There are 4 protein chains.
Amino acid sequence: MWGGRFAAGPDEVMAAINVSIGFDRRMAKQDIEGSLAHVRMLEATRLISAEDSSAIQGGLNTIASEIREGRFPFREAYEDIHMNVEARLAELIGTAAGRLHTARSRNDQVATDFRLWVRDAIDAGLDQIGELMSALVDKAIAHAAVVMPGFTHMQSAQPVTFGHHCLAFVEMFERDRGRLRDARARLNESPLGAAALAGTSFPIDRAMTAKTLGFDRPMRNSLDAVSARDFAMEYLAAGSILAIHMSRLAEEIIVWSTAQFGFVRLSDRFSTGSSIMPQKRNPDAAELVRGKTGRVIGSLIGLMTVMKALPLAYAKDMQEDKEAVFAAADTLSLCLAALTGMIGDLTINPDRMHASASAGFATATDLADWLVVQLKMPFREAHHVTGRLVKAAEKKGVDLTGLTLAEMKAVEPQIVESVFDVLTVDSSVASRSSLGGTSPDNVRREAETWRDKLKLQ
Amino acid sequence: MWGGRFAAGPDEVMAAINVSIGFDRRMAKQDIEGSLAHVRMLEATRLISAEDSSAIQGGLNTIASEIREGRFPFREAYEDIHMNVEARLAELIGTAAGRLHTARSRNDQVATDFRLWVRDAIDAGLDQIGELMSALVDKAIAHAAVVMPGFTHMQSAQPVTFGHHCLAFVEMFERDRGRLRDARARLNESPLGAAALAGTSFPIDRAMTAKTLGFDRPMRNSLDAVSARDFAMEYLAAGSILAIHMSRLAEEIIVWSTAQFGFVRLSDRFSTGSSIMPQKRNPDAAELVRGKTGRVIGSLIGLMTVMKALPLAYAKDMQEDKEAVFAAADTLSLCLAALTGMIGDLTINPDRMHASASAGFATATDLADWLVVQLKMPFREAHHVTGRLVKAAEKKGVDLTGLTLAEMKAVEPQIVESVFDVLTVDSSVASRSSLGGTSPDNVRREAETWRDKLKLQ
Amino acid sequence: MWGGRFAAGPDEVMAAINVSIGFDRRMAKQDIEGSLAHVRMLEATRLISAEDSSAIQGGLNTIASEIREGRFPFREAYEDIHMNVEARLAELIGTAAGRLHTARSRNDQVATDFRLWVRDAIDAGLDQIGELMSALVDKAIAHAAVVMPGFTHMQSAQPVTFGHHCLAFVEMFERDRGRLRDARARLNESPLGAAALAGTSFPIDRAMTAKTLGFDRPMRNSLDAVSARDFAMEYLAAGSILAIHMSRLAEEIIVWSTAQFGFVRLSDRFSTGSSIMPQKRNPDAAELVRGKTGRVIGSLIGLMTVMKALPLAYAKDMQEDKEAVFAAADTLSLCLAALTGMIGDLTINPDRMHASASAGFATATDLADWLVVQLKMPFREAHHVTGRLVKAAEKKGVDLTGLTLAEMKAVEPQIVESVFDVLTVDSSVASRSSLGGTSPDNVRREAETWRDKLKLQ
Amino acid sequence: MWGGRFAAGPDEVMAAINVSIGFDRRMAKQDIEGSLAHVRMLEATRLISAEDSSAIQGGLNTIASEIREGRFPFREAYEDIHMNVEARLAELIGTAAGRLHTARSRNDQVATDFRLWVRDAIDAGLDQIGELMSALVDKAIAHAAVVMPGFTHMQSAQPVTFGHHCLAFVEMFERDRGRLRDARARLNESPLGAAALAGTSFPIDRAMTAKTLGFDRPMRNSLDAVSARDFAMEYLAAGSILAIHMSRLAEEIIVWSTAQFGFVRLSDRFSTGSSIMPQKRNPDAAELVRGKTGRVIGSLIGLMTVMKALPLAYAKDMQEDKEAVFAAADTLSLCLAALTGMIGDLTINPDRMHASASAGFATATDLADWLVVQLKMPFREAHHVTGRLVKAAEKKGVDLTGLTLAEMKAVEPQIVESVFDVLTVDSSVASRSSLGGTSPDNVRREAETWRDKLKLQ
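Given the structure is predicted, the values throughout are model-derived calculations rather than measurements.

*Asks:* How would you summarise the overall build of chain A if you had to cite specific residues and measurements?
*Replies:* Of regular secondary structure, chain A possesses 18 helices and 6 strands. At 30 Å, chain A has a C-alpha radius of gyration far larger than the 23 Å of a compact globule built from 457 residues. Taken over the C-alpha atoms alone, chain A extends approximately 100 × 50 × 40 Å along its principal axes. The buried share among the 457 residues of chain A stands at 68%. In chain A, the proportion of contacts linking residues at least 24 apart, taken out of those at least 6 apart, comes to 73%. When the accessible surface of chain A is summed, it comes to about 14,000 Å², and 52% of that surface belongs to carbon and sulfur atoms. Between the mean site of the 52 positive side-chain charges and the mean site of the 58 negative ones, chain A shows a separation of 2 Å.

*Asks:* With reference to specific residues and values, describe the relation of the copies chain C and chain A.
*Replies:* At an RMSD of 0.1 Å, chain C and chain A line up after a rotation of 180° and a shift of 0.0 Å along the axis. The symmetry that links the two subunits is that of a two-fold axis. When each C-alpha of chain C is compared by its distance to the rotation axis, Q260(C) comes out closest, at 2.7 Å. In this assembly, 100% of the residues forming the interface of chain C have copies in chain A that are likewise at the interface, indicating an isologous arrangement.

*Asks:* Break down the interface of chain C and chain A for me, with residues and values.
*Replies:* Taken together, the contact pairs 39 residues of chain C with 39 residues of chain A. Together chain C and chain A conceal approximately 3,500 Å² of surface at their shared face, both sides included; 56% is due to carbon and sulfur atoms. Our count for the contact surface shared by chain C and chain A stands at 0 salt bridges. Run the count over chain C and chain A and you get 10 residue pairs in polar contact (both at pLDDT 80 or more). At the level of secondary structure, the elements contributing two or more residues to the side of chain C that touches chain A comprise β1 (147–152), β2 (155–161), α10 (230–256), α11 (284–307), α14 (364–375) and α15 (379–396) of chain C. The biggest single contributor to the side of chain C that touches chain A is α15(C), with 5 residues. Across the side of chain C that touches chain A, the residue classes break down as 15 nonpolar, 17 polar and 7 charged.

*Asks:* Quick rundown of the environment of A338(C)? Include the residues and the values.
*Replies:* Tracing the chain through its elements places A338(C) in helix α12 (residues 321–345). When the C-alpha atoms of A338(C) and A183(C) are compared, they prove to be 24 Å apart, with 155 residues separating the residues in sequence. For A338(C), the residues in contact, after removing those within four places along its chain, are V13(B), I17(B), F270(C) and V289(C).

*Asks:* Describe the interface of chain B and chain A, and please don't skip the residues or the numbers.
*Replies:* The partner chain A presents 93 residues to the 93 residues of chain B that form the contact. Summing the contributions of chain B and of chain A, the shared interface buries around 8,100 Å²; its carbon and sulfur component is 59%. Of all residues in chain B, the largest losses of buried area upon contact with chain A belong to R220(B), R248(B) and L312(B), amounting jointly to 9% of the total for that side. The tally of links from chain B across to chain A stands at 14 salt bridges. As a salt-bridge pair, E234(A) and R179(B) come within 2.8 Å of each other at their nearest N and O atoms. Our count for the chain B to chain A interface comes out at 50 residue pairs in polar contact (both at pLDDT 80 or more). Mapped by element, the contributors of at least two residues to the side of chain B that touches chain A are β1 (147–152), β2 (155–161), α7 (162–187), α9 (222–227), α10 (230–256), α11 (284–307), α14 (364–375) and α15 (379–396) of chain B. Taken together, the residues that form the side of chain B that touches chain A break down as 40 nonpolar, 29 polar and 24 charged.

*Asks:* Describe the pattern of salt bridges, and please don't skip the residues or the numbers.
*Replies:* Within this structure, the stated rule accounts for 144 salt bridges over all chains. With a shortest N-O distance of 3.4 Å, K29(C) and E33(C) are connected by a salt bridge. On the criterion of helical spacing, the pair formed by K29(C) and E33(C) is a turn pair, its members being 4 residues apart in helix α3 (residues 28–44). Its salt-bridge partner being R186(C), residue D182(D) comes within 2.8 Å of it at the nearest N-O pair.

*Asks:* Which residues make up the relation of the copies chain B and chain A, and what values go with them?
*Replies:* Between the two copies, chain B and chain A, the superposition gives an RMSD of 0.1 Å; the rotation angle is 180° and the shift along the axis is 0.0 Å. Taken together, the interface assignments show that 100% of the residues at the interface of chain B recur at the interface of chain A, consistent with an identical surface on both copies.

*Asks:* Before we move on, can you summarise the packing of aromatic side chains with the specific residues and values?
*Replies:* What the rule picks out here adds up to 35 aromatic pairs over all chains. For the ring pair F261(B) and F261(D), a centre distance of 6.1 Å and an interplane angle of 55° mean the geometry is tilted. Placement of F261(B) in the loop between α10 and β5 (264–265) and of F261(D) in the loop between α10 (230–256) and β5 (264–265) is noted, with the two residues assigned to different chains. Since its relative accessible area comes to 1%, F261(D) is described here as buried. One aromatic cluster is present, built from ring pairs that chain together F151(A), F162(A), W256(A), F261(A), F263(A), F151(C), F162(C), W256(C), F261(C) and F263(C). Taking NZ or CZ as reference, R26(C) lies 4.9 Å from the ring centre of F326(C), over its face. Note that R119(C) overlies the ring of F215(C), its terminal NZ or CZ placed 5.2 Å from the centroid.

*Asks:* For the pairing of strand β1 (residues 147–152) of chain A, give the residues involved together with the corresponding values.
*Replies:* Residue and element names in this part refer to chain A. Counting buried residues along β1, 6 of its 6 residues qualify, which places the element largely inside the surrounding structure. Pairing between β1 and strand β2 (residues 155–161): 6 bridges, direction antiparallel. Considered in β2, the bridge of V147 is made with T161. Hairpin connection of β1 to β2: 2 residues between the antiparallel strands, including H153 at a positive phi of 55°.

*Asks:* Run through the side chain of T293(A), naming residues and quoting values.
*Replies:* By secondary structure assignment, the location of T293(A) is in helix α11 (residues 284–307). Here T293(A) falls in the buried class, since its relative accessible area comes to 1%. Beyond its immediate sequence surroundings of up to four residues, T293(A) is in contact with A243(A), I244(A), S247(A) and K308(B).

*Asks:* Which residues make up the environment of Q109(D), and what values do they have?
*Replies:* Residues and elements named next belong to chain D. Structurally, the position occupied by Q109 is in helix α6 (residues 106–142). According to the relative accessible area criterion, Q109 is buried, its value standing at 3%. C-alpha of Q109 to C-alpha of G34: the two residues are 75 residues apart in sequence and 7.4 Å apart in space. Leaving out residues up to four positions away in the same chain, Q109 has contacts with D31, S35, H82, H101 and R104.

*Asks:* Would you mind going over the environment of I343(A) in detail, with residue names and values included?
*Replies:* Residues and elements named next belong to chain A. Residue position: I343 is located in helix α12 (residues 321–345). For I343 and K453, which are 110 residues apart along the polypeptide, the C-alpha to C-alpha distance reads 19 Å. Not counting the four nearest positions on each side in its chain, I343 is found in contact with L132, A135, L136, K139, L249 and I253.

*Asks:* Lay out the side chain of N282(D) with the relevant residues and their values.
*Replies:* Along the chain, N282(D) falls in strand β7 (residues 281–282). Setting aside its immediate chain neighbours within four residues, N282(D) contacts T152(B), H153(B), Q155(B), F270(D), S271(D), T272(D) and G273(D).

Cut-offs applied
Residues numbered from 1 in each chain as written. Chains lettered and ligands numbered in written order. Predicted model: local features only at pLDDT ≥ 70, side-chain atom pairs only at ≥ 80, totals over all residues. Heavy atoms only, no water. Helix = DSSP H or I, 4+ residues; strand = E, 2+ residues; numbered from the N terminus. Rg over C-alpha atoms; globule rule 2.2 N^0.38 Å. Buried < 20%, exposed > 50% of the residue type's maximum accessible area, 1.4 Å probe, protein only. Contact = heavy atoms within 4.5 Å. Areas by Shrake-Rupley, 256 points an atom, 1.4 Å probe, with all protein chains shown as cover. Lys, Arg positive; Asp, Glu negative; His and termini not counted. Charge placed at Lys NZ, Arg CZ, Asp CG, Glu CD. Least-squares fit on C-alpha atoms with pLDDT ≥ 70 in both. Buried area = accessible area lost by both parts, 1.4 Å probe. Salt bridge = Lys/Arg side-chain N within 4 Å of Asp/Glu carboxyl O. Polar contact = N/O pair within 3.5 Å; in protein donor to acceptor, adjacent residues only side chain to side chain. Nonpolar A, V, L, I, M, F, W, Y, C, P; charged D, E, K, R; others polar. Phe/Tyr/Trp six-rings, centres within 6.5 Å; stacked < 30°, edge-to-face > 60°. Lys NZ or Arg CZ within 6 Å of the ring centre and 35° of its normal. Pairing = 2+ DSSP bridges.

Next comes the structure, spelled out in structure tokens:
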């Protein structure tokens, strides 16, 4: 590690800036998978002998074991993971190792490995998002009828249920999964066989390697195959939006955990305290989830900056793609785990939520809607009448339910007793039963549909 | 316009920061479409009478005409496009106008309008990208066999064809279209009916309005419907990657237009000159396409910064979403048009390209591959032999084709006459006939497949 | 305006992408200032005659009047502001106009104009920040002793005064002014005379034009003079940090305005309400200040993306610099004005603040400090004793002040009566009288120092 | 390291997201410096005894040795560097360790450490930039008179000297140093003594600790002291602009190293080759310098995203500040070292540069200027005459020097023999002797001034 300033001779400087084994070793598994697929194809197309193929596969499997068991000798002298594996293979099996690189170049090899790595990261991410969604769905089912304020501008606007709020995030995270699935489908093409950039004159079978590696098809242009990094940017963009969604939920946990709101309480496991201020329950984990959004967006911008205006085909700048993606994948995985844990452990304070929802004429809209439906008033006129009723209540120092029917009639003579049916927050949420509305029945139905959907996966 | 400093009273300041009609008037068409769908549904569900519905629809159609013909009185006093239309409607048809807002809120209205706008922008973008792809495909067909250097690190590595290079970008732009199509499919859900944030107690038919507006379905959570802006971020992310792809192509046009490269010549229409330096053909349009990437990425980051950690549901910060998207859509549309024009007009210099491709032992890889195939050498050994042959040629001051067979045999006795078949750049590109390789036959076949595909759309 | 897709012929496309008069007209004042300085120098160095100089100056002054009075015929055909002015000058004074461009190029001209514009924007910004600081200082003086919770993790940690909180932002904004002043000093060098990029063979006097335009000196390298845009990036970076500081204050206004916090109340002028929910006081202006940070950061990233890897000297990409800077300057000016207005109008609720500060053992640290000072306990031990006392109070259901001396002695026998002097939030803030501490005396002294400093400017 | 997905129990998740010792150990040196300054002040103000002070200092010095020698037991259980040091101190010296934290909190401690770290990074950066500037100045002196094309739009516009081009970057890097120096001066205030956020009631001497640590003064507001991270953002912004300047130079090295340009040749030490393509000299180091700009900008945006809208005072999100700064500082240090090495080793090809500069009527501007000066033509008319002369030369297939005087007179009868003095690229650069112009004399003078200035530092 540098102490701020790098003081070394030219050779060390060049090594330090050029070497990538420190981070691209994380693609070891993918590199070996890619090589195994390649060598089997070379054998099938008779580009190498069965003996050589067998020796190479044996050697690669040995290397895979060494890596899994932490015995593999990663060496900076061999610069990157590809050279490390190839050098080790030569040590293990001798000259046959030299045939592995037939009809392949480091350019298509690294593109293959990296696509496989991102694909694995997406698959893991999809599972983790599913777990977070399940945690939210469980909360939604448990608290389908708990009334809380629905906010606009952070001001209470209309009552909603806590379960409905949870499901709003389930919808967002489902779209995040959609983005990741689309990214996965789009990147799932094989660059292997593009060689350095022009394709090859060897009669290789790119469809075979693509299939072996689980790719849907070979990429159809060799220059594109080694030059493209849009798949990494798309992953980072989808990840950034996911991180933003997590940050929105984290922000709410932080605000709702304040003494002033008091809506929720984080478990001890996901907060830190103060030995002398027992009331202090710092939502550290939620703050970190919120803050780490910066890192994912930073990775996205970092890679976009790298790729902008970069001519084809391979340029060394593109080596910067991996650390950006690794940092984002790690951050997302950690934040998903932490947020899932926090949601699972979260306890809520229904009384504080209900009281907060009931304050401030939060059912004024319900009253206006009642006027429209029952008295056939135009919407805008109903709004004005409601405004006058609210002022009357305010003057009297009561909520809308605190007005007598007579007092209401003084403002609008056509009002009848049944108006009181719509003035409590509970009746309000119950009435919002149109598709997508916050009524407890809706919430329960939606949540159970989600539970089934998530289980099936 | 401010002269750098805003000097005005509090009311003007508040008006200036709050008002959006200056930019959201661009959603006028979508706003009226949304209102027409809503009023027809209100009539169908008997929430308003046929007479009121008819009056409202008539008024809205009048407003649509006024806007189309530039006669609509946009007024800052009515803050945004929604209020402007509503106020005008009241002027035109009187109190019935007050019924239009039944079971609707500005929150679901603006979300609806904005989704419709982005959808239109995507549709227009898809067409434009298709035109750019067609221009590239035409060039690929015309120059399928023109040999140019294939670069890595901006150093000539192996010969490719110009057509192959064009098709690499066609592949990239097709994935850009895929991203936009996926974004379109994901955003194509109707928020209308979510009302302020909680849904509504009116027995509305959200499926009907969704269908009328061409949405695939209503959104299933009212809080999500008014809070979500991931569709806008996804559009900006897809647009940023598209812009980066355009910047890569623009960079190449700029470099290839230099006197030193001399590969291509921009038409007069897309370059600017100097009255006294006739050789100067400044690639202004390409530079602007390259530079304007910054604006699209800036819009993406701007909106991500807005949305990060924003609690649900609607917050006024979200008003910042529109200008970011409008700026990006305009920029992309303009850059696509300019790039399509540039490619269409581009003339190339095949001789310079060929000469450049032929310099510097660019077929050394072909020689190595020949040794592997013909002499069964392991790849790594073939590499070493090739290195020695290249050094011999370098010493003699000739290209690989300038060595005699005897001189070759001095390095590797097994070499035979047929080696010379692979040493020209033309034979090299012809030989890369594996799937995705640069051979002229491949390029022609691919380009024609693309031409058919693009025509069918 | 494009409707999403740009459909026009090549010439319109080129015009649309190339033309800049739509935005660079905002530099008209600076362009004329620069030309006036240049022509006076040309006369002084006898490069043009006094007659020509006089005619040119007369023409430029006429043009300045035309622009001020809105009579100037801006024409797209003349592409940019420089050509518009030059063309108009020719119309007004004939061929003498052709001598103005002697020893000058559009490259050094635009660099000069843009530096002057940014300098003006900085000067205006410095004034506006000063006004915001004054508004905060006034609040600090008025509420120097109002106790509120000091938060960490949004959890009340220790009491502070509202005045102290205001002054924290005064410090931040002063550093923002420092950054802008440093940027101003660094950019205040004259590029004029660098000509196209190489300097000129005319015996010009660059020191003279620099002095006339208020620059500190001429730039010392002509290539740098026309290629550099770090001054614009530095301005945007300083502006982004300023915007972030404003967003932090805006966030607090929004949170403190919630019903749950109830610490502050925005004036009607800077909030919007709901006709039917009178309690709803939406902090729109604060939300917009918070959200518009995204636009400034977006401009910064946009320009950084443009400049990255751009070779010297002038490239057309750099035309993108102006709109980014203009958008940021406008946004900052508007946000500063809005925030200054909001702070000036803000009313606070000292009772809510005090009550909130008093809850939750907020003086536990004061108790621990008392143990260290009075009983000479090591800090860590004092912490443990305090923890036990807090638990005793919690068990009893009281605050620390609710424990009797006997109950305290049961935990730590050495405690004496005087401990109660440190247990109220008022005594707590009064005691923090070390330099920079929150004691009302400190706050008053600091605030008055600031008031004097701000008045002197 | 996570394999893409984090699968662990809640406690591990919380530990993983919360722990910072993995990176903040890099502040160990600064943490101990800060503690030593603090303990000496506690002794001087009699807040602790001389014995305790001595024991604590002894313990801290021991810890410093342990860290230097790699013997310090960093433990994840103690979360961060501050707790690790404190826990170790207790092991070494017993209960006296508990007095170190008197009148201090982790909040002011971490702010102090981080400012010291950034200050050290700036100091190291200033030295390294100085070395890069020296390398450029050396090149400028060596090649003060080497003529190369001066480019606009990457098209040759006017001849300049290579030395002049080098000095353009010296000017940019000097401004980068200015930005870092300004950032250093602004951050060089001591937060120590702000305690948790409110200051302290202990009679501490903040001026003393500030002085001991080399800070210019204590910060004047305790809330600001623990909340501010603008110093880190300012460092990252200055670093981003520096990185962009490096990327511009790297881009030129890459372009100039192409076979097509052939202006420069990177040394073997800073390029990689191909065993079979000896002409291939991949400018890997330059590409990495260019690409790594993305990482620095990504860090800047990451931290800005974290800080935007963050309420005071400390929030856990701010823990994200360090890795962003460390990554940027490491990247800048490495890129500066690599670029300095590359420039030092760079060999240039004066013949290619000269030939390239001479092509394409690059002295047309000189001819126009001659017409203005010698024949008193207005600039615009001189331009037209030059255009006609260039066309004549083009028609004849020669450069401007290839026209006879008679041929010139046919276009403009007043032209005389002396015109030929200005038509070669060497005379052109020699003539640009105005301040800042490219003439070799200017370049030599400037370069030597720089050499003296850089030596003195």
